[in-house]
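Understanding the architecture of this molecule
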Amino acid sequence: MGTQTTFKSQTSTRTSLKTVMRSYQVILKCVNQSHREDINQRIMELEEQQHLLLTPQVVKKAIELYRTNPKERFFTRQLCKTVGKSPNIAQSAFHWLYIAIKGKIDKEKKVQGLLSFLAKKPQQLIEWVIFGRSPYSERSLENYWGVKRRYIINLLTSSRFQTDSYWRKKHKNTYFTDFLQFNDSLPFSTQTDILQALDDTLFYYKHEFSLIPQLTKNQKAFLKKLQLLKKEQNTVVPFLTSWINSHQTSRWKSLKELAEQLATIIGKPSRKLFSAVRLIIVFTLFDHYMQSVPQLIKALPIANIVPPPFKRKKKGRLPIKLLIKKDYVIIREGNAQELTEQFKKQGWTEFGFPRKGKQRLTAQVHFPPKVLEYLNNGAHIKVFQVSSGKAPSFKPCVDVVLEGIPACFYSSMLLHHYLSQIPSKKTSIIGIDINRLGQYMVAFNTLVDLPPDLLALATHYDHLSTKVIDELNRGYLRKRKERDTYGSCKLKGELNRVYIRRRRILREITRLLPHFLAAVLVKKQCKVLKIERLTADPTGTKGALAKAIYTMPDNLFIYKKAVWLASLKLGYNVKLETINPYHTSTIHHRCGGSLTRQKGQYDVAPCTKCSQQVNTHLNAAKNIASLQGTLLPLDPFPSSHA
């Protein structure tokens, strides 16, 4: 107990100088449904006023102001001088504009770094020009910037699309940009060109790999793929020539289909030839593009590649940020400090929604018990954000942003809730295997059952995915064929609501999972948590593995939060380590044999060596726990972002 108290005090001292912000949804209680709809309409009118303030001229002026002085107070004050109506609405709109411009400037820096990287990597530059993608660039920038790979992919494709648009406008009369159009035309190539590129690719990589003392399994496999394509050149070359000379909707997706077709025709349907075929295409077009593209890249104005904020803004989608000022558009009882004290005493306050020529409407704002606990721990109210609700409920949404030190936002309620459901056998090292949502979405190297609430959420998610969405899609297509406009619109709206419901279920699972993992670490008195970081990219694929990866709650935030919660409870730092994810699911932990997974055999598979039926998830968790791990650095947690 003394150790735990000491740890908590040290943690509090270490993080007391740094405040964090957290956003929570609170409850707006209205008198009745008609009262709620009227309040919702008044909020919607305020959102439309905010929308009208964000004109292209204001956005242009705002970008100039930000470049001269990026401080938000200076920024909003200067812009408010040009707009004399509703100061609070103007400050709310310009707050979101400030955030959007900050994102634009950050993206400009990222694009500049991306182009500088590509200028030093000719092969990756050609890949980006042809496909808008580059796996090597994605992995490198992901590790360098420390962001998710999905962000890098979106950055690559969007910047390529914007670059193509700029080139077509700028060099319309002086350069044949048809050969540079994204996902459209490529320079005409002959079979001789493809054959020469195949020889060049094989020669280049043989030379590169000869300089390496010992090749990895992946390097050996890649070299074998090139040799296989060279051996089957009479079949491969005509296909590649036709692919280059024909128009494509998406070069990236069509190349994946081409690689699968080639593997089937060659007689090796299980071989993954995508990377080898992609490099042959790059070598084929290398000389043509390297004569012009580097010069075009150097002359590219980055500001024109990143679009201005709110270029495609949707009407009334920005919430109203309630700054605690004198000029009220939504009336509150006091400033931020007074409201914080009021919520601590009575747990609610009152908002007023005035409208010119009509009676002012009021509604009560109630904080959930968890948010009240954070206030009592020392957090304070920063701002409120109010947004209108859509049909059919027309329920306004109110969010509160709290600010305080990380210790204010520590709650052990969920952790204690899960503790009683976990066996008490101690284990110093725990390995976790994360899978698709279901009974085995979290598997440990020791038997721990999934809690009923998480299992119910996973079952509901699966029901929506496999039954409800399929039925609605079939009905929607049928109504469209019957040209039933009303029926198709109704089903489309219902389909969108189901997708939103499913996304909320996944978000709730992500919220609960760290507390369950932390409870396991505490009950087992764990000292080291080992995880595997999946690097597979399911983008553009529709197989069972892709669907499983999309529904895996595999997020580093989950592990870090679990380790943080468990460390506070145990009184010592639980270490977080990552291991190499290859073959953890296919090697039997007991005898070393291989597990043969057939179609439909995802949970149990037979071992080829001992013929035992093995639970693949429990087996993978045991392999993860037994492998040598790499200690992750202790990043500050929680994050300082809202």
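To start, this report covers the structure provided alongside it. Note that the structure is predicted; figures quoted are calculated from it, not measured. (Residues numbered from 1 in each chain as written. Predicted model: local features only at pLDDT ≥ 70, side-chain atom pairs only at ≥ 80, totals over all residues. Heavy atoms only, no water.)

1. Thoughts on the overall build of the protein chain
Across its full length, the protein chain holds 23 helices and 13 strands. Per-residue burial for the protein chain yields a buried fraction of 46% across its 642 residues. Long-range pairs, those at least 24 residues apart, make up 71% of the contacts in the protein chain between residues at least 6 apart in sequence. A total accessible area of about 34800 Å² is found for the protein chain, and carbon and sulfur atoms account for 53% of it. (Helix = DSSP H or I, 4+ residues; strand = E, 2+ residues; numbered from the N terminus. Buried < 20%, exposed > 50% of the residue type's maximum accessible area, 1.4 Å probe, protein only. Contact = heavy atoms within 4.5 Å. Areas by Shrake-Rupley, 256 points an atom, 1.4 Å probe, with all protein chains shown as cover.)

2. A look at the sheet that holds strand β5 (residues 380-387)
Whenever strands of a sheet pair, they do so through backbone hydrogen bonds, lying parallel or antiparallel. Strand order in the open sheet made by the six strands is β2-β5-β6-β1-β4-β3, with antiparallel pairing throughout. Unpaired on one side and paired on the other, β2 (320-322) and β3 (348-355) mark the two borders of the sheet. Direction aside, neighbouring strands of the sheet carry axes that sit 35 degrees apart on average. Judged from the seven bridges that link them, strand β1 (residues 20-29) and strand β6 (residues 397-404) form a sheet pairing that is antiparallel. By the bridge assignment, Val 20 is partnered in β6 with Gly 404. Together, β2, β3, β4 (358-366) and β5 form the strand contacts of helix α2 (residues 33-53), whose direction differs from that of β4 by roughly 100 degrees. Strands in contact with helix α16 (residues 336-346) are β3, β4 and β5; relative to β5, the strand with the most contacts, it is inclined by about 90 degrees. (Pairing = 2+ DSSP bridges. Axes fitted to C-alpha atoms, helices over the stretch in contact; angles between N-to-C directions.)

3. Notes on helix α22 (residues 556-570)
Because an α-helix packs 3.6 residues into every turn, residues spaced three or four apart end up facing the same way. If you check α22, its first and last C-alpha atoms are 21 Å apart, about what 15 residues at 1.5 Å a residue would give, namely 21 Å. Taken across its 15 residues, α22 has eleven buried, putting it largely inside the fold. For α22, the complete set of buried residues consists of Ile 558, Tyr 559, Lys 561, Ala 562, Val 563, Trp 564, Leu 565, Ala 566, Ser 567, Leu 568 and Leu 570. (Expected span 1.5 Å × (residues − 1).)

4. Some points on the state of the cysteines
By the definition in use, this model includes zero disulfides. Cysteine Cys 607 is unpaired, with the sulfur of Cys 591 as its nearest cysteine sulfur at 3.5 Å. Cys 607 gets classed as buried once you look at its relative accessible area, which sits at 4%. (Disulfide = S-S within 2.5 Å.)

5. Points about the side chain of Glu 403
Within the secondary structure, Glu 403 sits in strand β6. The class of Glu 403 is buried, set by a relative accessible area of 16%. Excluding anything up to four places from it in sequence, Glu 403 contacts Thr 19, Val 20, Met 21, Ala 379, His 380, Lys 382 and Phe 409.

6. As for the packing of aromatic side chains
Overall, the coordinates contain 20 aromatic pairs when judged by the stated rule. Ring centres 6.4 Å apart and planes at 20 degrees place the aromatic pair Phe 117 and Tyr 136 in the stacked group. Separated by 19 residues along the polypeptide, Phe 117 in helix α5 (residues 87-119) and Tyr 136 in helix α7 (residues 135-145) bring together distant segments of the chain. In this structure Phe 117 comes out as buried when scored by relative accessible area, which is 18%. With relative accessibility at 36%, the residue Tyr 136 sits in the partly exposed group. With centroids separated by 5.5 Å and ring planes inclined at 65 degrees, the aromatic side chains of Tyr 374 and Phe 409 adopt a geometry described as edge-to-face. One end of the pair, Tyr 374, is in helix α17 (residues 369-376); the other, Phe 409, is in the loop between β6 and α18 (413-419), with 35 residues separating them in the sequence. The positively charged end of Arg 22 is found above the aromatic ring belonging to Phe 409, 6.0 Å away from the centroid. (Phe/Tyr/Trp six-rings, centres within 6.5 Å; stacked < 30°, edge-to-face > 60°. Lys NZ or Arg CZ within 6 Å of the ring centre and 35° of its normal.)

7. Some remarks on the side chain of Ser 254
In this structure, Ser 254 sits in helix α12 (residues 251-266). By relative accessible area, which is 12% here, Ser 254 ends up buried. A polar side-chain atom of Ser 254 sits 2.9 Å from the main-chain carbonyl oxygen of Ser 250. If sequence neighbours within four positions are ignored, Ser 254 has contacts with Trp 243 and Gln 248. (Polar contact = N/O pair within 3.5 Å; in protein donor to acceptor, adjacent residues only side chain to side chain.)

8. Comments concerning the nonpolar core
Membership of the largest hydrophobic core comes to 59 residues, with the highest contact counts inside it found for Leu 229, Leu 240, Leu 273 and Ile 281. Residue contributions to this core peak at ten residues, all from helix α13 (residues 274-290). In this view, Leu 240 contacts Ile 194, Leu 258, Leu 262, Val 277, Ile 280 and Ile 281; residues no more than four positions away in its chain are not counted. (Core = buried A, V, L, I, M, F, W, Y, C linked by side-chain atoms within 4.5 Å.)

9. With respect to the sheet that holds strand β10 (residues 575-579)
What the five strands build is an open sheet, ordered β8-β7-β9-β10-β13; its pairing is mixed. The open sheet is flanked by β8 (442-444) and β13 (630-631), the only strands paired with a single partner. Relative to β13, β10 runs antiparallel, the two sharing two bridges. In the sheet register, Glu 577 faces β13, and the bridge partner there is Leu 631. Strands in contact with helix α20 (residues 485-523) are β7 (429-434), β8 and β9 (528-532); relative to β8, the strand with the most contacts, it is inclined by about 10 degrees.

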